[in-house]
Amino acid sequence: MKFFIDTANLKEIDEARSLGMLDGITTNPSLISKESLFSHKEIYEHYISICKRLKNDENMSAEVISSNYTDMIQEGEKLALLHPKIVVKIPITKNGIKTIKYLSQKKIKTNSTLIFSTGQSILAAKAGATYVSPFVGRLDDVSYNGLNLIQEIKSIYDNYSFETKILAASIRHPLHIVECFKIGVYAITSPLNVIYSLLNHPLTNIGLDKFIKDFHRKINK
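Predicted, not measured: the structure shown is a model, and the values here were computed from it.

Calculation rules
Residues numbered from 1 in each chain as written. Predicted model: local features only at pLDDT ≥ 70, side-chain atom pairs only at ≥ 80, totals over all residues. Heavy atoms only, no water. Salt bridge = Lys/Arg side-chain N within 4 Å of Asp/Glu carboxyl O. Helix = DSSP H or I, 4+ residues; strand = E, 2+ residues; numbered from the N terminus. Buried < 20%, exposed > 50% of the residue type's maximum accessible area, 1.4 Å probe, protein only. Expected span 1.5 Å × (residues − 1). Arc of directions from axis to C-beta. Contact = heavy atoms within 4.5 Å.

1. Brief notes about the pattern of salt bridges
Right, so step 1: This model, assessed by the stated rule, comprises 10 salt bridges.
Right, so step 2: Across the pair D57 and K2 runs a salt bridge whose closest N-O atoms are separated by 4.0 Å. Linking D57 in the loop between α3 (40-52) and β3 (60-63) with K2 in strand β1 (residues 2-6), this pair joins segments that are 55 residues apart in sequence.
Right, so step 3: Of the residues examined, D57 reaches a relative accessible area of 54% and is grouped as exposed.
Right, so step 4: What emerges from the salt-bridge pattern is a single network uniting K210, D214 and R217.

Right under this line is the structure:
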């Protein structure tokens with residue numbers, strides 16, 4: 001059971017580490033755009049800074065922004081050379097599948113992203129993806145049960161002993177996290193605030209308030 005943090009912010013990464021909930025990082029172009037980075041050089045340096053915060057088998061997914069096969073390969077290889085902890089994140093397109101196949105043959109780890117169907121997950125696994133990232137919350141947004149997709153992928157991967165790991169993404173609330181772990185995924189990737197929401201329960205707050213009030217009532221007598 002692993003918690004990946006969906007962020008490119010160094011302070012959030014350090015906070016997740018202090019919480020004991022950091023098993024890896026996933027980034028994407030939207031998250032990178034929120035940081036004060038103004039060139040490819042700065043972005044690559046930022047990726048390296050993130051990787052230096054990671055330990056043991058933790059890793060970070062960095063996404064290609066190219067769309068044609070040749071450029072995706074070149075960008076993927078460049079990202080992989082930045083740091084050994086980088087996993088190349090690739091969208092599930094025709095060129096993306098070809099790129100995953102090429103990079104996997106080069107022993108470069110990949111994360112197939114923007115997975116919204118079982119068929120896409122099968123193709124990614126057959127191409128040799130290290131991870132697939134099915135988007136749970138975005139499927140819920142269009143009235144499809146994203147957790148059903150997670151269950152289907154897990155069942156198929158188990159049936160055929162695919163080595164590709166499920167990294168459930170687009171996690172919106174604590175129930176997504178709990179249900180994904182009940183299904184048995186390798187990891188979820190989530191914003192840190194959603195992980196914090198696992199702490200919330202009204203009975204915890206009521207109980208803590210009562211303990212403190214009872215203590216002070218006794219002490220103040």
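Next comes the rest of the account.
2. Let's talk about helix α5 (residues 94-105)
Right, so step 1: Taking 1.5 Å of rise per residue, 12 residues should cover 16 Å, and α5 covers 17 Å from first to last C-alpha, within 8% of that figure.
Right, so step 2: What α5 keeps buried is the set G96, I97, T99, I100, L103 and S104. For α5, the buried positions fall inside an angular range of 160° around the axis, keeping them on one side. Counted as exposed and oriented over 90 degrees from the buried face of α5: K94 and Q105.
Right, so step 3: Buried positions along α5 lie against α4 (69-82), β4 (86-91), β5 (110-115) and α6 (118-127).
Right, so step 4: One or two residues past the end of α5 sits K107, with phi positive at roughly 65°.

None of the figures reported here should be taken as evidence of function without further support.
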